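Listed below, chain by chain, are the residues.
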Amino acid sequence: MTTAVAPASGERRWARLLARWETLLVVALIGLIVLGTYLSPFFLTPGNFSNLIAALMEVAIMALPMTLIIVAGEIDLSVESMAGLASAILGFLWAAGVPLWIDIPVVLVVGALGGLLNGLLVARGGLPSLVVTLGTLALFRGLALIVLGPRGISDFPPAFTELGFGHVPGTLIPWPFVIFLALALLLGIVLHRTWIGRQVYAIGKNTGAARFSGVRVTRVKASLFVLSGLIAALAGIILTSRLSSARADAGSGMTLTVVTVVLLGGVNIFGGSGTIPGVVLAVLAVAVMQNALRLAHVSVEVQSIALGLLLILSVVIPTFAHQAKSAIDRVRGGRPPPADSVPHGERALS
């Protein structure tokens, strides 16, 4: 009897692995690499790999805390303007003669305070995060314009700009990619291996039930927004370093890409499920797609269309797959799976 059960158990494990959203992302990533190789002979060159990774690192870094926020059932649309505000304050302070070792901590504190504002309005004020962060999206961008105006500051020291477009010695790996991987590892451990992560999933599944279970919902949500603001400010610093210029409009248009990457990574827009590894794979997939289209001389408008389609598909495909599974179960005479049947931290395709 033991020998009969073991193969079945192994088959179930394989079926569950193949049904994971991350598996589909790996297949899609391989397909995009093949497409990029077909579109341009320069695609697989080491220099191009370095460029495609560096071009999306600010978005990738901001996508990590956004993952936790959406898993908790909220959203932060103000990240791009916080990156712009961080760049503006950094440029203003540097132009005023303040050394960078003071400028950077000040900028990070401003980012955390901006996130705290979002968190208090959403978590303690009970306001919808979509509306609140749309408001602070305009607020932070306006403050950036007041601080720096239309001018740009570009006389940063080489040691600072090396952070943005420099590489790990002896390799073509950009320093921002190292920062991204370190943050992904840290937040992945927090989300998937600690009681904090369990609380985040519980809040996303059912806020009321989480509160009655003793989860401090207000504190957790506020902390997530503080983290988002802090890391958005860090992304603004890295963007300033990579462009060797501080501008109030830095980061414009990045929010759409950040949200697309998170949802493409398998995070449920309604909260309660999603993984950091899925988002990392989505970052690589979007970076490869944009780079391949750019090498093929595809217009920016068409690239925007492709990004929009990815955002739609990342929501439509899992929803239809779950509905199809429920319909098949009903046809077979079984009970349909409950709404929360998808395990925490993953999105089933079948």
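Per-chain numbering applies: the sequence of each chain, read as written, is numbered from 1 onward. Residue-level local features of this predicted model are given only where pLDDT is at least 70; pairs of side-chain atoms are given and counted only at 80 or more, and the full residue set underlies all totals for whole chains, interfaces and linings. Computation of side-chain values covers all heavy atoms of the structure but excludes hydrogens and water.

**Notes on the overall build of the protein**
A helix here means a DSSP run of H or I that spans at least four residues, while a strand means a run of E at least two residues long, and both kinds are numbered starting from the N terminus. What the protein contains, in helices and strands, is 15 helices and zero strands. Only protein chains enter the calculation, and the probe is 1.4 Å; a residue is then buried if its accessible area is under 20% of its type maximum, exposed if over 50%, and partly exposed in between. The buried share of the protein, reckoned over its 350 residues, is 47%. Two residues qualify as a contact provided that any one of their heavy atoms is within 4.5 Å of a heavy atom in the partner residue. Partitioning the intrachain contacts of the protein with sequence separation of at least 6 by distance along the chain shows that 77% fall at a separation of at least 24.

**What about the packing of aromatic side chains?**
Ring geometry is summarised as follows: Phe, Tyr and Trp rings, the Trp one being its six-membered ring, pair when their centres sit within 6.5 Å, and such pairs are stacked at plane angles under 30 degrees, edge-to-face over 60 and tilted between the two. Under the definition given, this model contains three aromatic pairs. Ring geometry for F156 and F160: centres 5.2 Å apart, planes at 40°, overall tilted. Of the aromatic side chains, those joined through ring pairs into one cluster are W94, F156 and F160.

**Description of a nonpolar patch on the surface**
In this analysis, a patch consists of residues with relative accessible area above 30% that form no salt bridge, clustered at 9 Å for like charges and at 5 Å for the nonpolar side chains Val, Leu, Ile, Met, Phe, Trp and Tyr. Residue exposure ignores everything except the shown protein chains as possible cover, and the areas themselves are Shrake-Rupley values with a 1.4 Å probe. For this document, the term salt bridge refers to a Lys or Arg side-chain nitrogen within 4 Å of an Asp or Glu carboxyl oxygen. A cluster of nonpolar residues, L24, I305, L309, I312, L313 and I317, forms a patch on the protein surface that exposes about 530 Å² of accessible area. Here I317 shows up in helix α15 (residues 300-331). Here I317 falls in the partly exposed class, since its relative accessible area comes to 36%.

**Focus: the environment of I69**
Considering the arrangement of structural elements, one finds I69 in helix α4 (residues 57-71). Overall, I69 belongs to the buried group, its relative accessible area being 1%. Each C-alpha atom, one on I69 and one on V200, is 8.3 Å from the other, the two residues being 131 residues apart in sequence. Once residues within four sequence positions are removed from consideration, I69 is found in contact with E74, I75, D76, L224, F225 and S228.

**What to know about helix α5 (residues 79-95)**
Between its first and last C-alpha atoms α5 spans 24 Å; for 17 residues at 1.5 Å apiece the expected length is 24 Å, and the two agree. Among the 17 residues of α5, 14 are classified as buried, and the element is accordingly described as predominantly covered. Following α5 by one or two positions, G97 adopts a phi angle in the positive range, close to 90°. One less than the residue count of a helix, multiplied by 1.5 Å, gives the span that helix is expected to have.

**What about the pattern of salt bridges?**
Opposite charge on two side chains permits them to pair, given that their charged atoms come into close proximity. Going through the model one piece at a time under the given rule, you end up with five salt bridges. Salt-bridge contacts for R20 lead to E22; the nearest nitrogen and oxygen are separated by 3.4 Å. For R20, a relative accessible area of 23% puts it in the partly exposed group. When the shortest N-O distance is used, the salt bridge between D249 and R247 registers 3.2 Å. A residue is classified by how much of its surface remains accessible, and D249, at 40% relative accessible area, is partly exposed. For R247, a relative accessible area of 34% translates into the label partly exposed.

**So, the nonpolar core**
Among the buried residues, those of types Ala, Val, Leu, Ile, Met, Phe, Trp, Tyr and Cys that are joined through side-chain atoms within 4.5 Å form a nonpolar core. Counting 92 residues, the largest nonpolar core has M62, M66, F180, V261, I276 and V283 as its most contacted members. No other element matches helix α14 (residues 276-295), which puts 13 residues into this core. Those residues in contact with M66 that sit more than four places away from it in its chain are I75, D76, V79, V258, V259 and V262.

**Side note on the packing of helix α2 (residues 21-39) against α14**
Comment: axis = line fitted to C-alpha atoms, over the contacting stretch for helices; angle = value between 0 and 180 degrees taken between N-to-C directions. The N-to-C vectors of α2 and α14 enclose an angle of 20°; their axes lie 9 Å apart at closest approach. Classified by the interaxial angle, the pair formed by α2 and α14 is roughly parallel. Crossing handedness for the pair α2 and α14: left-handed. Residues E22, L25, V26, L29, L32, I33, G36 and L39 of α2 touch α14, and the partners they reach there are G278, L281, A282, L284, A285, V288, M289 and A292. Of the residues that constitute the contact of α2 with α14, the class distribution is 13 nonpolar, two polar and one charged. We call two directions roughly parallel when the angle between them is under 35 degrees, roughly antiparallel when it is over 145, roughly perpendicular when it lies between 65 and 115, and oblique otherwise. Handedness of a helix crossing follows the sense of rotation of the near helix relative to the far helix, less than a right angle counterclockwise being left-handed and clockwise being right-handed. Residues are grouped as follows: Ala, Val, Leu, Ile, Met, Phe, Trp, Tyr, Cys and Pro are nonpolar; Asp, Glu, Lys and Arg are charged; all remaining types, including Gly, are polar.

**Points about unusual backbone geometry**
Positive phi is not limited to glycine here, since S244 has a value of about 55°. Note on placement: S244 falls in the loop between α12 (217-243) and α13 (254-264). Not every positive phi belongs to a glycine, and H297 is a case in point at roughly 60°. Tracing the backbone shows H297 in the loop between α14 and α15. By relative accessible area, which is 72% here, H297 ends up exposed.

**Focus: the packing of α4 against helix α9 (residues 175-193)**
Remark: α4 packs on α9, axes separated minimally by 9 Å, with the N-to-C direction vectors making an angle of 10°. The angle between the axes of α4 and α9 places the two elements in the roughly parallel class. On α9, the residues that touch M57, A60, I61, L64, P65 and L68 of α4 are P176, F177, I179, F180, L183, A184, L187 and L191. In terms of residue class, the contact of α4 with α9 is built from 14 nonpolar, no polar and no charged.

Nothing here speaks to function; it is geometry throughout.
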